[in-house]
Amino acid sequence: MTKRSLGQSLSRRRFLRAIGGSTVAAAGMGMLPFRKLLGPVAMSEANAQTPGTAAPDLFFAGTDGWIFLPPEPAIVSASLGGVTTHPDDLAPEPFNTYIFGFRNVTGLDPTQIANQKNKAQHNAPLFWADQFDPANPKNFIVQLTNLGLAQRPDLFDAHTIHWHGFRNVITFFDGEPTGSVAVMTGRIFQYVYRPRDPGTYMFHCHVEDTEHVHMGMTGLVFVRPLQNGNTTFYSSGKYAYNDGDGSTGYDREFAVFCSEVWGDSHWADSHIQLPEWSDYRADFSLLNGRVWPDTLAPNAPINAAASTHSLIFQTDTNGDLVPLDGRPELQYQPLSALVTCNAGERVLLRFANLGFKESAMTLAGIKMRVIGKDATPMKGRDGTNTSYAANTLTFGAGESFDAIFTAPAFTGGSGSSGQGYDTYMLYDRAYERSNNRAANGAIPYGGRRTEVRVYPAGTLSLQTLPNT
Ligand SMILES: [Cu+2]
């Protein structure tokens, strides 16, 4: 069919209908099995807000940067001719791994924002939105700019935000660059969302996505249900879904985000080389951007007052992240993976995976109840409760799980050593992803592993922000 006859045979409406379904499917293909159907929007909502006229709820910047992963044992690449790819010899102290990533620059002035070039963090900043309320219609707007890549001035890669699994009415804000727009260096774009389906999602840059996803432009995002604030069903008034019965109510919530680092590809990007992607390995398997035992280290200092839609970390006068006390090498990995709770509390774990390998997250000694999968409550068409209990959740790239556990009674027993809390391991039981592929006993570091610490009832104060 010629271009001319295509244009003649497809009206705009028919064209949108024709591409609508296939574009969503394409965005879900490759590594991403998570998709939602497009649906109609009530016309009364159409003028809720004119895109581009409102202040953004969040302002993110895409750029490159450096993080820290265990330097030993060094990674020597056979396919790159025996070169040592980790630690990276071009890394500025105290870092050793090159990344692409995002930073939250909400509230920073233009000079401070420009200063964040080459200061990306991993994971990308965690953010959340309230479910769209037709009675109080308000769009959720995330603004994106692109600061360029300091280590690779030869590249002019664009960046996007692809909210994975999100039901966009049209593809314009999807972030898949051949079906929507991408943000070139120095440009600004506003993504306009109406989140209609509560649950746990992830987001990533979709430009050259095998590379940009793997280099670190990935993070977790969730949508809070309209039912929140209603204390009839559960006393905290916090829910994962509009359950109508409190079955998804919780006291504390924690993001548990899985990503990976393959040393060769990160070294290749900093050294203007090309990795052989068919040699892919997960040299490091991360939780919230860190590996064991750094997963247990606290969060970097948080600006709680500013954290209305995202966990916003404190910045200095230059706009740079304030490092965690005593751990300057974790400056760009600010998010802790430690889970803390009081005995008897209900804890929501929001699992998501944007590595390329399957993960098998196990909570040893406590049953979890799976109450959501891919931002969909575990409820059948006729209302049947399809939630189930599990110790291990197995999920691949682009998948998410919502699981709630009730913290067992505090015992102070074996293993607690009078430290004031009981410890339960939360780890990836795919062994090579819990030890960073090291030989048995050869490494002081593990990989994808953290702890759940259960304190006596009433010890910890109410949680106000996720992962705190
Ligand atoms: Cu990108």
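A few points on the structure.

Here is what the cut-offs are and how they apply
Residues numbered from 1 in each chain as written. Predicted model: local features only at pLDDT ≥ 70, side-chain atom pairs only at ≥ 80, totals over all residues. Heavy atoms only, no water. Helix = DSSP H or I, 4+ residues; strand = E, 2+ residues; numbered from the N terminus. Contact = heavy atoms within 4.5 Å. Areas by Shrake-Rupley, 256 points an atom, 1.4 Å probe, with all protein chains shown as cover. Core = buried A, V, L, I, M, F, W, Y, C linked by side-chain atoms within 4.5 Å. Buried < 20%, exposed > 50% of the residue type's maximum accessible area, 1.4 Å probe, protein only. Donors = N, O, S within 2.8 Å, 3.2 Å for Na, K, Ca; no water.

**Concerning the overall build of the protein chain**
Check the secondary structure of the protein chain and you find five helices and 22 strands. Taking the intrachain contacts of the protein chain between residues at least 6 apart in sequence as the baseline, contacts between residues at least 24 apart amount to 75%. Summed over all atoms, the accessible surface of the protein chain reaches about 19400 Å², with 54% contributed by carbon and sulfur.

**Focus on the nonpolar core**
Side chains that are nonpolar tend, in soluble globular proteins, to be buried together. One finds F127, I161 and W163 to be the most contacted residues of the largest nonpolar core, which totals 60 residues. Dropping the residues within four chain positions of it, F127 is found in contact with L58, F60, F140, V142, W163, F203, L220, V221, F222, H309 and S310. Core analysis: the second largest hydrophobic core is formed by 28 residues, L349, M361, V370 and F405 among them.

**Quick look at the environment of P456**
Along the chain, P456 falls in the segment after β22 (449-455). Residues P456 and A343 lie 113 residues apart in sequence; the distance between their C-alpha atoms is 5.5 Å. Residues contacting P456, with those up to four places away along its chain left out, are N342, A343, F410 and G420.

**Some points on unusual backbone geometry**
Cis geometry marks the peptide bond from E72 to P73, where omega comes out at -5°. Along the chain, P73 falls in the loop between β1 (58-67) and β2 (75-77). Cis rather than trans, the peptide bond between H122 and N123 has omega equal to -5°. Structurally, N123 is set in the loop between α3 (110-114) and β5 (127-130). Not every positive phi belongs to a glycine, and A375 is a case in point at roughly 60°. Looking at where A375 falls in the secondary structure, it is placed in the loop between β16 (368-373) and β17 (376-377). Classification of A375 by relative accessible area gives buried; the value is 2%. The phi angle at N467 is positive, at roughly 60°, despite the residue not being glycine. Turning to its location among the elements, N467 is positioned in the segment after β22.

**Focus on the coordination of the copper ion**
Each angle at a metal carrying four tetrahedral donors should ideally be 109.5 degrees, and each at a metal carrying six octahedral donors should ideally be 90 or 180 degrees. For the copper ion, the full set of protein donor atoms is H159 (ND1), C205 (SG) and H212 (ND1), and the range of their distances to it is 2.0 to 2.1 Å. Each donor residue of the copper ion belongs to the same chain, and together they define the spacing H-x45-C-x6-H. For C205, a relative accessible area of 0% translates into the label buried. Classification of H212 by relative accessible area gives buried; the value is 0%.

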